[in-house]
Amino acid sequence: MSSPTPADLTSRRRILVADEDPKIVAFIIATLRDDGHTVFHAYDGLSATELAFALDNGVHLVISNTRVGGLPGIELIYLLRTRLPHLPVLYIANIDRSTPAIEAKLPRDVPIIREPFTA
């Protein structure tokens, strides 16, 4: 198998997975990498924010859970969008923590995927 070319590396989607559960993060990373995406991860909100702002070529998508290392996922979304207002986000609704009242605070353009889910 040949090494990826520079064009391959820049055309891949860069996805940031922000979740405090290592098993969920590992599952999402494996699934997305199998589809050819470049995936970064963070287990807490501060690290997710720093990573999203520091990546040279930016992030194409953030996948965030209800809670990310002590920070509510919704707060993380709004924090990221202060500097990246059009950043696409996918919100994972944790079956034990997500409620209609919480989800009503999400930006209207953020889709929700409910746990448990499959690839």
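Placed above this text is the structure.
The following paragraphs examine the structure supplied in this document. Note that the structure is a prediction, hence the values are computed from the model and not measured.

Some details on the layout of surface pockets
Here comes step 1: Estimated volume of the largest pocket: approximately 190 Å³.
Here comes step 2: Elements with a minimum of two residues in the lining of the largest pocket: α2 (22–34), β3 (61–65) and β6 (89–93).
Here comes step 3: Sorting elements by how many residues they give to the lining of the largest pocket places α2 first, with 4 residues.
Here comes step 4: Class assignment of the residues belonging to the lining of the largest pocket gives a composition of 10 nonpolar, 2 polar and 1 charged.

Notes on the packing of aromatic side chains
Here comes step 1: One pass over the structure, following the stated rule, counts 1 aromatic pair.
Here comes step 2: Centre to centre, the rings of Phe27 and Phe117 are 6.0 Å apart; their planes meet at 55 degrees, and the pair counts as tilted. Taken together, the residues Phe27 in helix α2 and Phe117 in the segment after β7 (112–114) connect sequence positions 90 residues apart.
Here comes step 3: Residue Phe117 is classed as partly exposed on the basis of its relative accessible area of 22%.
Here comes step 4: For Arg83, the ring lying beneath its charged end belongs to Phe53, and the centroid distance is 4.0 Å.

Brief notes about helix α4 (residues 73–83)
Here comes step 1: If you check which residues of α4 are buried, you get Gly73, Ile74, Leu76, Ile77, Leu80 and Arg81. The arc that holds the buried residues of α4, viewed along the axis, is 155 degrees, so those residues lie on one side. Looking at α4, the residues exposed on the side facing more than 90 degrees away from the buried face are Thr82 and Arg83.

Comments concerning the nonpolar core
Here comes step 1: Counting 20 residues, the largest nonpolar core has Val59, Val62, Leu76 and Tyr91 as the members making the most contacts within it.
Here comes step 2: The element that contributes the greatest number of residues to this core is α4, accounting for 4 residues.
Here comes step 3: Judged by nonpolar contacts, the second largest core, of 10 residues, contains Val17, Ile29, Val39 and Ile63.

Thoughts on the sheet that holds strand β2 (residues 38–42)
Here comes step 1: Spatially, the 5 strands line up as an open sheet ordered β2-β1-β3-β6-β7, and their pairing is parallel. Each end of this open sheet is capped by a strand with a single partner; those strands are β2 and β7. Taken pair by pair, the neighbouring strands of this sheet meet at an average axis angle of 20 degrees, ignoring direction.
Here comes step 2: In terms of strand pairing, β6 meets β7 through 3 bridges, oriented parallel. If you follow Ile92 over to β7, its bridge partner there is Ile113.
Here comes step 3: Most of the contacts of α2 go to β2, to which it runs at about 170 degrees, and overall it touches β1 (14–18), β2, β3 and β6.

Things to note about the pattern of salt bridges
Here comes step 1: Under the counting rule described, the total for this entry stands at 2 salt bridges.
Here comes step 2: One salt bridge connects Asp109 with Arg81, and the closest N-O pair in it is separated by 2.8 Å. Of this pair, Asp109 sits in the loop between α5 (100–103) and β7 while Arg81 sits in helix α4, and the two are 28 residues apart along the sequence.
Here comes step 3: With a closest N to O distance of 2.8 Å, Arg114 and Glu103 form a salt bridge. Of this pair, Arg114 sits in strand β7 while Glu103 sits in helix α5; the two residues are 11 residues apart in sequence, bridging distant segments of the chain.
Here comes step 4: A relative accessible area of 47% means that Arg114 is categorised as partly exposed.
Here comes step 5: Judged by its relative accessible area of 13%, Glu103 is buried.

Analysis parameters
- Residues numbered from 1 in each chain as written.
- Predicted model: local features only at pLDDT ≥ 70, side-chain atom pairs only at ≥ 80, totals over all residues.
- Heavy atoms only, no water.
- 1 Å grid on protein atoms, 1.4 Å probe; cavity = no way out; pocket = protein on both sides within 12 Å on 5 of 7 lines; lining within 4 Å.
- Points joined across faces, edges and corners; volume = space filled by probe spheres on them.
- Helix = DSSP H or I, 4+ residues; strand = E, 2+ residues; numbered from the N terminus.
- Nonpolar A, V, L, I, M, F, W, Y, C, P; charged D, E, K, R; others polar.
- Phe/Tyr/Trp six-rings, centres within 6.5 Å; stacked < 30°, edge-to-face > 60°.
- Buried < 20%, exposed > 50% of the residue type's maximum accessible area, 1.4 Å probe, protein only.
- Lys NZ or Arg CZ within 6 Å of the ring centre and 35° of its normal.
- Arc of directions from axis to C-beta.
- Core = buried A, V, L, I, M, F, W, Y, C linked by side-chain atoms within 4.5 Å.
- Pairing = 2+ DSSP bridges.
- Axes fitted to C-alpha atoms, helices over the stretch in contact; angles between N-to-C directions.
- Contact = heavy atoms within 4.5 Å.
- Salt bridge = Lys/Arg side-chain N within 4 Å of Asp/Glu carboxyl O.

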